[in-house]
Amino acid sequence: MGPFIEVVLGGLMAGVLYSLVALGFVLIYKASGVFNFAQGAMVLLAALAFARFSEVMPMPVAFVLAALLMVGAAFVIERMVLRHLVNQEGIILFLATFGITYFIEGFGPQVFGDDIYRIDLGMPKEPKIVLESMFDGGILINLEDFIAAGIAAALVTFLAIFFQKTATGRALRAVADDHQAAQSVGIPLNRIWVIVWSVSGFVALVAGMIWGSKLGVQFSLVLIALKAIPVVILGGFTSVPGAIVGGLIIGVGEKIAEVYLGPIIGGGIENWFAYVLALGFLLFRPEGLFGERRIERV
Amino acid sequence: MMTAAVASASSSTHRQNIGEVILAMENISLAFGGVQALSDISFDVREHEIRAIIGPNGAGKSSMLNVINGVYHPQQGTIFFKGEKRHQMDPHKVASQGVARTFQNIALFKGMSVLDNLMAGRNLMMKTGILQQALYWGATQREELAHRAKVEEIITFLEIESIRKTPVGQLPYGLQKRVELGRALAAEPSMLLLDEPMAGMNVEEKQDMCRFVLDVNAEFGTTIVLIEHDMGVVMDISDRVVVLDYGKKIGDGAPNDVRNNQAVIDAYLGVQH
């Protein structure tokens, strides 16, 4: 029983981080209907910026500067790209985010360097063994993971309340529901887009810092962030709770598959399990676990 | 039956006197590629009046409303609003000048409750900044409460108390139309644009909607521009009517004048050429 719980816990921790990246996708998709492929690249950019800034200045200052950089990126993306593509087909906006992705993936390392950088958030690294009395050998846990999960949970709670309770949150939901109607009550689309891309950039920063402190900041962050795509398929493109639950399911699922199925059919399942799971969902429940089911009248 | 109900509703309230011209459309032309949606149309709207735009399908009525609202920018012509020449303007800017509207195919925020839809309608009056809202400080809370009080007044006015927490997507069509009117009213507009507010309604729902439109006009003095197909309704509630056909203006005046205008009769009944 002990090892199984360890596997599940490890999966949950990875899942929290998938959720954070997926949350960025969902925020932008909800508010603008854009499937933002660049979310992974934004995680890389934010993490790189924070890592390099924190080498030369205190960490809180580096955090604020990196956050401002993401807000700046949101402004530039809105002005240079989104504004000119209003009312275009979804596929065109999606492809535009491909362009943004490769630009950031090239430009970010060019500015900030392409080595592996360390982020040390000062979180305890040494593993702990708990519940020795209940299980033989106890359960090995990582305190760092728990803190990371706590930060992620706090961020998600804050965003959920902000969206539900404030005037700006209401305006964001209004834009997500109906662009034309939102404009008619005086909500400026351009400003709302800058806000959601900024919030997504901020979420990317938090995700990038946590990933970076675990694995170091390097280009492969982009690949890990791609796992967020099966997560949003699972959870539903428009659902914040879906992003969270989807992330946890995929995190746990792929760890269990790796540990228990891996020896039977060969290792490396972790790399493709999430995508196969997402494929299954697309076949049988395309709107995801929490997504809105669209009922079209014929 | 309709006439009697409307008459009794309008006689129960005291109307404000019709005032100066508040909106003047001068020589408006709008084309989409080769399709001329509006050609050289001029008309005006006076303060506190109910002004109807009528015409057969495809006459350019909705296009005209969309021009007023800033969705479309005409290639030619000038718009004067409250005495000032209006430059090309996006819908959210027009809204900030006190113009609210409803849509032909209801455009509500379907995932949100009735209450949230109406609160969103007051978006322009929300003054606290985003960071302040993020912290949900005192001023933000007080502001929400004040707006909520105003929204409750509108809910009472429109008699939709029992559905205030219902997601609007679940409401029947007639009620959705009413909520959409509520969202427009929540902005406390000086001018209200209604695109077929009674389309698809049964007689009873139409009577209710007529009563609300007349009451809004009488109690708040709101200037109303409406598009409507039901001739009975138009003739009963509007002060002046402008008639469009194939993007051209073919009639303009009091309901009775328009009713007897030969061009209008031809447009509606068809004429042998």
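Predicted, not measured: the structure shown is a model, and the values here were computed from it.

Asker: Looking at this model, I keep getting lost on the overall build of chain B. Mind explaining?
Answerer: Broken down by element type, chain B carries 11 helices and 10 strands. Against the 2.2 N^0.38 benchmark of 19 Å for 273 residues, chain B shows a C-alpha radius of gyration of 19 Å, consistent with a compact globule. Along the longest, intermediate and shortest principal axes, the C-alpha atoms of chain B span 70 × 45 × 35 Å. Per-residue burial for chain B yields a buried fraction of 53% across its 273 residues. In chain B, the share of contacts with a sequence separation of at least 24, taken over all contacts with a separation of at least 6, comes to 69%. Within the structure as shown, chain B displays about 12,200 Å² of accessible surface, and the carbon and sulfur contribution to it stands at 50%. Counting 26 positive and 32 negative side-chain charges, chain B places the centres of these two groups 4 Å from one another.

Asker: In this structure, what is going on with the interface of chain B and chain A? I would like to understand it.
Answerer: By a frequent convention, interface size equals the accessible area lost on bringing the separate parts together. In this complex, chain B contributes 26 residues to the contact, which on the side of chain A involves 22 residues. Summing the contributions of chain B and of chain A, the shared interface buries around 2,200 Å²; its carbon and sulfur component is 60%. Taken as a group, His 92, Phe 109 and Gln 133 of chain B account for 24% of the area that chain B buries against chain A, more than any other trio of residues on that side. Here chain B is connected to chain A by 2 salt bridges. Measuring nitrogen to oxygen at the nearest pair gives 3.3 Å for the salt bridge that ties Arg 173 of chain A to Asp 116 of chain B. Mapped onto the side of chain B that touches chain A, the elements with two or more residues apiece are α3 (91-96), β6 (99-101), α4 (114-121) and α5 (130-135) of chain B. At 4 residues, α4 of chain B tops the list of elements feeding residues into the side of chain B that touches chain A. For the side of chain B that touches chain A, the residue count by class is 16 nonpolar, 5 polar and 5 charged.

Asker: Any chance you could explain the pairing of strand β7 (residues 191-195) of chain B here in plain terms?
Answerer: Regular strands place their side chains on alternate faces of the sheet. Residue and element names in this part refer to chain B. Counting buried residues along β7, 5 of its 5 residues qualify, which places the element largely inside the surrounding structure. Alternating residues of β7 divide into Met 191, Leu 193 and Asp 195 and Leu 192 and Leu 194, and every residue in both groups is buried. Strand direction decides the pairing type here: β6 and β7, joined by 3 bridges, are parallel. Bridged to Arg 101 within β7 is Leu 193. In the sheet, β7 pairs with strand β8 (residues 223-227) via 5 bridges, with the strands oriented parallel. What sits directly across from Leu 193, in β8, is Val 225. Each parallel crossover has a hand, and for β7 linked through helix α8 (residues 203-220) to β8 it is right-handed.

Asker: Which parts of the structure should I look at to understand the pattern of salt bridges?
Answerer: When charged atoms on two side chains of opposite charge get close, those side chains can pair. Evaluated as defined, the whole model comprises 24 salt bridges over all chains. The partner of Arg 52 of chain A in a salt bridge is Glu 55 of chain A, with the nearest N and O atoms 3.2 Å apart. Placement of the pair is Arg 52 of chain A and Glu 55 of chain A together in helix α2 (residues 39-56), with a separation of 3 residues, close to one helical turn. What makes Glu 55 of chain A partly exposed here is its relative accessible area of 48%. A salt bridge links Arg 211 of chain B to Glu 159 of chain B; its shortest N-O distance comes to 3.3 Å. Of this pair, Arg 211 of chain B sits in helix α8 while Glu 159 of chain B sits in the loop between α6 (138-157) and α7 (173-186); the two residues are 52 residues apart in sequence, bridging distant segments of the chain. Judged by its relative accessible area of 42%, Glu 159 of chain B is partly exposed.

Asker: Is there a simple way to think about the sheet that holds strand β3 (residues 50-54) of chain B in this case?
Answerer: Two strands in a sheet stick together by hydrogen bonds in their backbones, pointing the same way (parallel) or opposite ways (antiparallel). Residues and elements named next belong to chain B. Within the open sheet, the 6 strands sit side by side as β6-β7-β8-β3-β9-β10. Their pairing is mixed. Edge positions in the sheet fall to β6 and β10 (248-253), since each of these pairs with one other strand and no more. Sheet twist, expressed as the average angle between the axes of neighbouring strands with direction ignored, equals 15°. Strand contacts of helix α2 (residues 61-69): β3, β6, β7, β8 and β9 (240-245), with the helix running at about 150° to β7, the strand carrying the most contacts.

Asker: Which parts of the structure should I look at to understand helix α12 (residues 269-284) of chain A?
Answerer: Residues separated by three or four positions in an α-helix point in the same direction, a consequence of the helix having 3.6 residues per turn. Residue and element names in this part refer to chain A. Over its 16 residues, α12 runs 22 Å from end to end, which matches the ideal 22 Å to within 8%, given 1.5 Å per residue. The set of residues buried in α12 consists of Ile 269, Phe 273, Ala 274, Ala 278 and Phe 281. Viewed along the axis of α12, the buried residues span an arc of 160°, placing them on a single side of the element. Opposite the packed face of α12, turned more than 90 degrees from it, sit the exposed residues Asn 271, Leu 279 and Leu 283. Contact partners of the buried residues in α12: α10 (228-235) and α11 (240-265).

Asker: Looking at this structure, I do not really get the side chain of Ser 184 of chain A. What am I missing?
Answerer: With respect to the helices and strands, Ser 184 of chain A occurs in helix α7 (residues 179-184). The class of Ser 184 of chain A is buried, set by a relative accessible area of 6%. A distance of 2.8 Å separates a polar side-chain atom of Ser 184 of chain A from the backbone oxygen of Ala 181 of chain A. With residues up to four places along the chain from it excluded, the contact list for Ser 184 of chain A reads Ala 95, Val 99, Arg 101, Phe 103 and Arg 183 of chain B.

Asker: Would you mind showing me how to read the layout of surface pockets here?
Answerer: Counted as a void, the second largest pocket has a volume near 730 Å³. If you go around the second largest pocket, you meet 24 residues; those closest to its centre are Val 71, Ser 198 and Val 199 of chain A together with Ile 130 and Leu 131 of chain B. Where the lining of the second largest pocket is concerned, the elements lending two or more residues are α3 (59-80), α5 (143-165) and α8 (189-215) of chain A together with α5 of chain B. When the residues that make up the lining of the second largest pocket are grouped by side-chain class, the tally is 18 nonpolar, 2 polar and 4 charged.

Asker: Even after reading the chapter, I still don't get unusual backbone geometry, so can you show me in this structure?
Answerer: Residue and element names in this part refer to chain B. Of note in the backbone geometry, His 48 takes a positive phi value of approximately 70° without being a glycine. By the secondary structure assignment, His 48 is in the loop between β2 (35-46) and β3. The exposure class of His 48 is buried, given its relative accessible area of 16%. Unusually for a residue other than glycine, Glu 159 sits at a positive phi of about 55°.

Asker: I tried to follow the packing of α2 of chain A against α8 of chain A on my own but got confused; where do I start?
Answerer: Think of two packed helices as two axes; the pair is described by the angle between the axes and how far apart they sit. All names here are of chain A. Running from N to C, α2 and α8 cross one another at 65°; their axes reach a closest spacing of 8 Å. Considering how the two elements wind past one another, α2 and α8 form a crossing that is right-handed. Two secondary-structure elements touch here, α2 through Gln 39, Met 42, Val 43, Ala 46, Ala 47 and Phe 50 and α8 through Trp 197, Ser 200, Gly 201, Ala 204, Leu 205, Ala 207, Gly 208 and Met 209.

Asker: Would you take a moment to explain the sheet that holds strand β4 (residues 76-81) of chain B for this structure?
Answerer: Residue and element names in this part refer to chain B. Reading across from one edge, β2-β1-β4-β5 is the order of the 4 strands in this open sheet, with antiparallel pairing throughout. For this open sheet the edge positions go to β2 and β5 (84-86), each flanked by a neighbour on one side alone. On average, each strand axis in the sheet is tilted by 25° relative to the strand beside it, whichever way the strands run. Contacts from α2 reach β1 (21-32), β2, β4 and β5, with the element oriented near 120° to β1.

Criteria and cut-off values
Residues numbered from 1 in each chain as written. Chains lettered and ligands numbered in written order. Predicted model: local features only at pLDDT ≥ 70, side-chain atom pairs only at ≥ 80, totals over all residues. Heavy atoms only, no water. Helix = DSSP H or I, 4+ residues; strand = E, 2+ residues; numbered from the N terminus. Rg over C-alpha atoms; globule rule 2.2 N^0.38 Å. Buried < 20%, exposed > 50% of the residue type's maximum accessible area, 1.4 Å probe, protein only. Contact = heavy atoms within 4.5 Å. Areas by Shrake-Rupley, 256 points an atom, 1.4 Å probe, with all protein chains shown as cover. Lys, Arg positive; Asp, Glu negative; His and termini not counted. Charge placed at Lys NZ, Arg CZ, Asp CG, Glu CD. Buried area = accessible area lost by both parts, 1.4 Å probe. Salt bridge = Lys/Arg side-chain N within 4 Å of Asp/Glu carboxyl O. Nonpolar A, V, L, I, M, F, W, Y, C, P; charged D, E, K, R; others polar. Pairing = 2+ DSSP bridges. Right-handed = clockwise from strand over helix to strand, strands pointing away. Axes fitted to C-alpha atoms, helices over the stretch in contact; angles between N-to-C directions. Expected span 1.5 Å × (residues − 1). Arc of directions from axis to C-beta. Polar contact = N/O pair within 3.5 Å; in protein donor to acceptor, adjacent residues only side chain to side chain. 1 Å grid on protein atoms, 1.4 Å probe; cavity = no way out; pocket = protein on both sides within 12 Å on 5 of 7 lines; lining within 4 Å. Points joined across faces, edges and corners; volume = space filled by probe spheres on them. Left-handed = near helix turned anticlockwise from the far one by under 90°.

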